[in-house]
Each structure stands twice: as structure tokens, then as C-alpha cells.
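Chain residues, written in single-letter form:
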Amino acid sequence: MARAVNVLSLVLFAMCLRQCHAGAHLLVSKIILNEHIVEGKDMTVQYTIYNVGTSAAQSVFLNDESFAPEDFKLDKGLLSASWDRILQKGNVTHTVIVAPLAPGVFNISWAQLTYKSVDSDDRQVGFSNSPGFIQVVPYPDYSRKFEHHVVDWLAFAVMSLPTVLLPWLLWYRSSSKYESIKKTV
Amino acid sequence: MPASKETGDELYLESSRHVTKMASALFYGNGLIVSALPLWLYWRVQMMDPVTYAVLFLAVTILSTWFVAYAYRNVKISLKHKISLKREAAVTREVMSNLNESAAGKKMNKSDKEERVLWKKNEVADGEATTFSIFYNNTLYLLLVLLSFYFWRALHPGVNYILSIAGAGVVLAFVSTGA
């Protein structure tokens with residue numbers, strides 16, 4: 001009896017899945033590509049939309065309001081994007097570059113997606129994953145740890161050279177003069 | 001050339017551990033320059049804001065300047081006598097040659113000529129000892145600072161600065177006492 005109930009549940013679930021994905025069905029992922037998120041430096045956010053439904057999606061509109069203007073500066077791209085059509089089993093990618101304005105912990109929530117199926121007038125709404133809390137590292141800490149500062153080291157070498165070279169030259173001038181006199185004695 | 005004949009006491013002072021005011025000013029001036037150089041590294045590489053750390057920078061730079069000047073003085077004093085002995089023959093030859101060529105020199109008696117040689121020997125030894133001391137201590141100090149900068153890199157930048165700069169100064173002063 002229990003076994004029969006399990007089999008029936010599986011059949012009903014499969015039927016439901018088929019029914020649920022009838023028409024266009026879009027899934028959207030939201031990923032922050034940076035390994036380190038640093039104050040004032042670019043942070044790349046990539047949105048990928050997959051159509052896993054049985055028909056094309058149209059009037060696709062993506063909107064992300066999780067990057068508040070007082071916390072993040074929009075460098076490149078737009079936080080809203082639209083596509084006329086995404087074919088069945090097709091996917092599109094959208095990239096935005098923002099820069100955190102201050103260090104600290106920020107909660108990055110989901111992006112919202114609205115679309116219609118070609119065979120229906122109903123507007124559907126979907127949400128991306130939420131990257132969650134991100135740690136924005138202060139720029140001085142990042143610079144100290146990861147940047148090479150080649151120009152700064154070269155400048156230090158140029159500034160230090162006279163403090164070593166000049167006294168050596170003065171000593172060498174006198175020393176070589178009296179060494180040559182000594183050799184002729 | 002001295003304007004008037006120097007007494008034995010004055011010549012002895014110049015040959016001994018005495019450091020003139022001019023030399024002292026030179027040592028402190030050079031010490032300040034070489035102690036202030038690493039500030040660039042700590043500002044640009046360790047990202048220490050000069051305004052925030054102004055008091056720390058000033059205090060440690062002054063301390064380091066004193067240690068470096070102390071090292072300059074010690075190394076100079078220890079080198080001067082050795083250089084004086086080394087240059088004796090060459091300086092004697094140079095001075096005697098100059099005196100023999102000049103009319104005033106020909107009229108000088110032996111003891112005056114010897115005093116002139118002694119004075120010149122002291123001047124050359126003083127100059128070479130001073131310049132070599134500055135060269136040697138500057139090189140050693142900068143090497144110590146660079147090594148410490150790297151060695152203490154995991155610590156807070158302020159702690160790194162104190163340990164590197166003051167530490168280099170202390171080591172320099174310590175090494176100079178045995179030079």
C-alpha cells in the first residue's frame with residue numbers, strides 16, 4: 001500500500017512539473033565576479049537568464065534595486081535591462097559594473113525579472129538568487145596587501161641614492177688621490 | 001691652511017674624540033635626512049596617512065636621527081686614527097712638495113713644517129673618516145630598514161614603522177660602538 005502511494009506521488013509530481021513549466025519559464029542567476037570587493041574599485045555583477053520553459057519568453061525586463069546610490073556608484077552598464085525575446089532553451093547575459101563608495105558590510109538582495117510567454121498574455125515575475133552579505137574591504141588595506149607600488153619603490157630608490165652615493169664619492173675622491181700619491185713614494 | 005700656528009693642545013683635540021660643531025651639525029642634518037626617507041615608504045606603500053600619524057612620525061624620526069648621528073660619530077672616531085696612519089706618507093709627501101715649491105715654505109723651519117704636515121694629516125683623516133662614516137652608516141641603516149619593513153609586514157603599519165625605524169637606529173648605534 002505504501003509503495004503504491006509513493007509511486008502515485010511521483011507520477012503526480014512529474015505531471016505537475018510538466019504543467020508548471022508549460023510556456024516560457026525564466027531562471028535568473030546573479031553573481032558577483034570579484035574575488036575581492038574593495039572600496040572605490042570596480043565590482044562586476046553578472047546576470048544570466050535561462051529559459052527552461054517550453055516556449056519563448058517575450059518582453060523580458062530585468063531590474064535590480066539592491067545597489068543603493070548612496071552606497072554604490074554605477075560605473076558601466078545599467079541596473080535595468082530588457083530583451084524582446086528569449087527563445088526556448090536560450091540564455092542571455094547582462095553585466096553591470098558598480099563601485100562601493102565606502103567600506104563595510106552590505107546586504108545584496110535579489111534582482112527582479114518580469115516577462116510574458118509567447119502563448120500567454122499573463123505577465124510573470126521571477127527573482128534571482130541573493131548574493132547576501134558582502135564585505136567591502138577598505139582601499140588602504142587592499143593596497144597594502146596586494147598592490148606592487150613599483151613607482152613608489154623606484155621613487156624611494158632615487159631619493160635614497162644620493163645619501164649613499166654622495167658620501168662615497170667624496171670619500172673615494174680623497175682616498176684615490178692619496179693612494180696614487182702613496183704609490184709614487 | 002691655518003691662519004696662525006696651532007698649539008699642541010689644539011692639534012691633540014682635533015686628533016682625539018672631539019667632534020666640532022660643524023661636524024655635529026653635518027651628522028644631525030644627514031641623520032635627519034636618512035631617518036625621514038622611509039616616511040615615503042610608510043606613506044605610499046603601507047598607506048599610513050601622514051596627518052593621522054604625524055606625531056608618531058615626528059617622534060620616531062627624531063629618535064632615529066639621534067641614533068644615526070651617534071653612529072656617525074662613533075664610526076668616524078674609530079676610523080680617523082686608522083686613516084691618519086694610512087695617509088701619513090702620502091700627506092707628508094704632498095705637503096713637503098707644496099712647501100718646497102713655495103717661497104714662504106722655503107723659509108719655514110723644520111718644526112713648522114712638521115706641524116703643517118700634522119695639521120694636513122688631521123684634516124685629510126677627518127674628512128675621509130666623516131664621509132666614509134656617513135656612507136657606511138647610511139647604507140647599513142637603509143638595508144636594515146628595508147629588511148625590517150619586509151620582516152614586520154604582517155603587523156599593523158604603525159607597529160611596523162616603530163620596530164623598523166627605531167630598531168634600525170638602535171642596531172646601528174650598537175654596531176657603531178664595536179666598529
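Description of the structure in this document.

Rules and cut-offs
- Residue positions within a chain follow its written sequence, with the count starting from 1.
- Going through the entries in the order they are written, you letter the chains from A and number the ligands from 1.
- Where totals are concerned, whole chains, interfaces and linings use all residues; where local detail is concerned, this predicted model gives features only for residues with pLDDT of at least 70, and gives and counts side-chain atom pairs only at 80 or more.
- Neither water nor hydrogens contribute to the side-chain values; these are computed over all heavy atoms in the structure.
- Under the scheme used here, helices are H or I runs from DSSP no shorter than 4 residues and strands are E runs no shorter than 2 residues, and both carry numbers assigned from the N terminus.
- Think of it this way: DSSP has to see at least two bridges between two strands before they count as a pair.
- Between N-to-C directions, angles cover 0 to 180 degrees, with each direction set by a line fitted to C-alpha atoms, over the stretch in contact for helices.
- By definition, a salt bridge exists where a carboxyl oxygen of Asp or Glu is found within 4 Å of a side-chain nitrogen of Lys or Arg.
- Relative accessibility under 20% of the residue-type maximum defines a buried residue, over 50% an exposed one, and the middle range a partly exposed one, all with a 1.4 Å probe and only protein chains included.
- Throughout, a residue-residue contact means that at least one pair of heavy atoms, one from each residue, lies within 4.5 Å.
- What counts as buried area is the accessible surface, traced by a 1.4 Å probe, that two parts surrender upon association, with contributions from both included.
- For the purposes of this section, nonpolar cores are sets of buried Ala, Val, Leu, Ile, Met, Phe, Trp, Tyr and Cys residues that join through side-chain atoms within 4.5 Å.
- The definition of a polar contact used here is a pair of N or O atoms within 3.5 Å, where within protein one atom must be able to donate a hydrogen and the other to accept one, and adjacent residues in sequence count solely through side-chain atom pairs.

### Overview of unusual backbone geometry
Residue and element names in this part refer to chain A. In this model, Ser59 sits at a positive phi of 50°, which is unusual for a non-glycine residue. Here the phi dihedral of Lys89 falls at roughly 65°; this positive angle occurs in a residue that is not glycine. Structurally, Lys89 is set in the loop between β5 (80-86) and β6 (91-100).

### Some thoughts on the sheet that holds strand β2 (residues 43-51) of chain A
All names here are of chain A. Read from one edge of the open sheet, four strands run β1-β2-β6-β4, paired in antiparallel fashion. The outermost strands of the open sheet, each flanked by one partner alone, are β1 (26-32) and β4 (72-76). Direction aside, neighbouring strands of the sheet carry axes that sit 30° apart on average. Note: β2 against β6, eight bridges, orientation antiparallel. Within β6, the position partnered with Gln46 by the bridge is Thr95.

### Regarding the pattern of salt bridges
Residues and elements named next belong to chain B. Following the criterion strictly, the structure yields 12 salt bridges over all chains and no others. In this structure, Lys76 engages Asp126 in a salt bridge whose closest nitrogen and oxygen atoms are separated by 2.8 Å. With Lys76 in helix α4 (residues 54-101) and Asp126 in helix α6 (residues 110-151), this pair connects stretches of sequence that are 50 residues apart. Residue class for Lys76 comes out buried when judged on its relative accessible area of 3%. Across the pair Arg87 and Glu128 runs a salt bridge, and its minimum N-O distance is 2.9 Å. Of this pair, Arg87 sits in helix α4 while Glu128 is found in helix α6, placing the two residues 41 residues apart along the sequence.

### Points about the interface of chain B and chain A
On the chain A side, the residues contacting the 30 residues of chain B number 26 residues. Of the roughly 2,600 Å² buried between chain B and chain A, counting both surfaces, carbon and sulfur atoms make up 71%. Here chain B and chain A share three salt bridges between them. Between A:Asp152 and B:Arg44 there is a salt bridge, with the nearest N and O atoms lying 3.1 Å from each other.

### A closer look at the nonpolar core
Within the largest apolar cluster, 28 residues are counted, with the highest numbers of intra-cluster contacts made by A:Met43, A:Ile49, A:Val60, A:Phe67 and A:Ile134. Broken down by element, this core gets its largest block of residues, four residues, from β2(A). When sequence neighbours within four positions are dropped, the list of residues in contact with A:Ile134 reads A:Ile32, A:Ile37, A:Met43, A:Phe72, A:Gly104, A:Val105, A:Phe106 and A:Ile108. The next biggest cluster of nonpolar side chains, apart from the first, holds 26 residues, and it includes B:Val19, B:Tyr42, B:Val68 and B:Tyr72.

### Considering the side chain of A:His94
Residues and elements named next belong to chain A. With respect to the helices and strands, His94 occurs in strand β6. Looking at His94, its side chain comes within polar contact range of the main-chain oxygen of Leu78, at 2.8 Å. When residues no more than four places from it in sequence are discounted, the contact partners of His94 are Val45, Gln46, Tyr47, Leu62, Leu78, Ala81 and Trp83.

### With respect to the sheet that holds β5(A)
Residues and elements named next belong to chain A. Strand order in the open sheet formed by four strands is β5-β3-β8-β9, and the pairing between neighbours is antiparallel. With one partner strand each, in any of the chains shown, β5 and β9 (123-127) form the two edges of the open sheet. Taking the axes of each pair of neighbouring strands and ignoring which way they run, one obtains an average angle of 20° across the sheet. Pairing between strand β3 (residues 57-63) and β5: six bridges, direction antiparallel. Bridge pairing in β5 links Phe61 to Ser82.

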